[in-house]
Amino acid sequence: MRRPSLVDAVLPLVVLAVLIAGSLLLFGLDALDGPIQVALVGCAAIAALIVRGNGHSWEQIGHAEQEAIASVTSALFILLSVGALIGTWNLSGTIPTLVYYGIQVLAPSWFYAAAAIICGIVALSIGSSWTTAGTIGVGLVGIASLLDLSVAITAGAVISGAYLGDKTSPLSETTILTAQMVGVEPREHIKRQVWTSVPAFAVALVVFLVLGWVSSPDVQDGVPTSTELADLDQLYWINPVNLLPLALLVVLSVRKAPASLALLASAVFAGVLAAFTQSQVVADFLAGQGNVVVESIKATWQAMATGFSADTGLADVDRLVSRGGMSSMLFTLWLIFGAVTFGVLLEKFGLISRLIDPMIAAAKSTGRLFLTVFACAFGLNIVAGDQYIALVLPARIFRLEFARRGLAPTNLSRLTADSGTVTSPLVPWNSCGAFMGATLGVSTLLYLPWAVFCYVSPALSVLYGITGFKIEEVEPVALGQSAGQE
């Protein structure tokens, strides 16, 4: 075996850039429906050939690929559960009820800012950006569609709020993981996160308020959706009972039930509820005349598998509720498989470290070191396609360097969270970007400019490193000494 050369490390990234640029050029936004997935699988094959050329066996490469798939198993089950949940929540009227009430309460002029705040509060309470986007976020995007507001800006607001809550919640698994990897208490990590998260969210709110104020006059003067509201009320029995699946999900999340099980339980409960509250919707969905119990089971099962669909002849309503199902997530799963396999091959066999080691040596100042950490984490989100890799690797790689320079580990925990967690939904083939695009029904490339929090937060974190603001120092640790000692 030999150490990877610089050419070995750079070549897969060059091929990735060329193939993804080519797929976007040829297919546009439709590239996420297969071409980018093919590009990622092809890049993984090229990385495997390079690794094999450096002396590693095919058996070692196969084990690495198995580890890659295993590392995202929980994310895959969450994706499938969210697909099932969207299907049965449309069947039971949960999402239509959220939309119906939301349209009457949320004024267009401050809708985007309100969407960000609502998602921030929910994500802070349950500790999950994915669950927040897959439930409240879906409803808010539906409301925006009926209000003739931008669904892309709404998706950006949803993601901004969801990731604010995720990275500052003591219930968030990414928050806990980041703190553990760097060796600090989660509470101390969250305290430091506030210094970048709150100002970044304030900037995002200002942007969303301005965007709401400059909306077209016909939207500002009132809600031009009385017809759509009446149509929703005619199709579904709109009442607060329909929100019980949402209440169940919140309770299970607060009680720290596994995310996939909580989502699946809420999805099944919504299907059962639909049999009692939306019997006509269930009958129309299956267009059958069989036993009521059997038909209700079939409706729930089908909504979880392939999603709910309605054919009312009303385009806006049909577009709102005809979504979901586990099958709707298959393109996203394909995307994640390719991206994570490619990333793990680069990490496992030293191709990433071959690029990063010279960057660390060149980062003489604290500001340049912070910029290097950001580049590493964001770069891993791009090439590895998974936020957990983008969190864990920088924490492992830079922990000793921060200790050697006398920089407190809380600096690194805040920086890796800002650079790894928050930027992950900005990459279309990252597991987070793919999830948000598939769940909200808005392409990652469309909402990317409006996910304001996701690029202001890391920018502030790097700026703090350059200026020295809120940078904590400790006694430097000698190279031969443990990084956990002062």
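Everything here concerns the structure above.
Below: a short report on this structure. (Residues numbered from 1 in each chain as written. Predicted model: local features only at pLDDT ≥ 70, side-chain atom pairs only at ≥ 80, totals over all residues. Heavy atoms only, no water.)

1. Topic: the packing of helix H4 (residues 73–92) against helix H16 (residues 292–306)
Now for step 1: Packing of H4 against H16 brings their axes to within 7 Å, and their N-to-C directions diverge by 135°. The angle between H4 and H16 places the two elements in the oblique class. Note on packing geometry: the crossing formed by H4 with H16 is right-handed. Facing H4, whose interface residues are Ala 84, Gly 87, Thr 88 and Leu 91, H16 presents Ala 299, Thr 300, Ala 303 and Met 304.
Now for step 2: Tallied by class, residues from the contact of H4 with H16 come to five nonpolar, three polar and no charged. (Axes fitted to C-alpha atoms, helices over the stretch in contact; angles between N-to-C directions. Helix = DSSP H or I, 4+ residues; strand = E, 2+ residues; numbered from the N terminus. Parallel < 35°, antiparallel > 145°, perpendicular 65-115°, else oblique. Left-handed = near helix turned anticlockwise from the far one by under 90°. Contact = heavy atoms within 4.5 Å. Nonpolar A, V, L, I, M, F, W, Y, C, P; charged D, E, K, R; others polar.)

2. Quick look at the pattern of salt bridges
Now for step 1: This structure, assessed with the given rule, holds eight salt bridges.
Now for step 2: A salt bridge links Lys 348 to Glu 67, with the shortest nitrogen-to-oxygen separation between them at 3.2 Å. With a gap of 281 residues between them, Lys 348 in helix H18 (residues 330–348) and Glu 67 in helix H3 (residues 58–71) connect regions that are remote in the sequence.
Now for step 3: Glu 67 sits in the partly exposed class, given a relative accessible area of 40%.
Now for step 4: Between Glu 188 and Arg 192 there is a salt bridge, with its nearest N and O atoms 2.4 Å apart. (Salt bridge = Lys/Arg side-chain N within 4 Å of Asp/Glu carboxyl O. Buried < 20%, exposed > 50% of the residue type's maximum accessible area, 1.4 Å probe, protein only.)

3. Here we look at the side chain of Asp 8
Now for step 1: Note on placement: Asp 8 falls in helix H1 (residues 6–27).
Now for step 2: For Asp 8, the side chain forms a polar contact with the main-chain nitrogen of Ser 5, separated by 3.0 Å.
Now for step 3: With residues near it in sequence (within four places) discarded, Asp 8 still touches Arg 2, Ile 50, Asn 54 and Leu 351. (Polar contact = N/O pair within 3.5 Å; in protein donor to acceptor, adjacent residues only side chain to side chain.)

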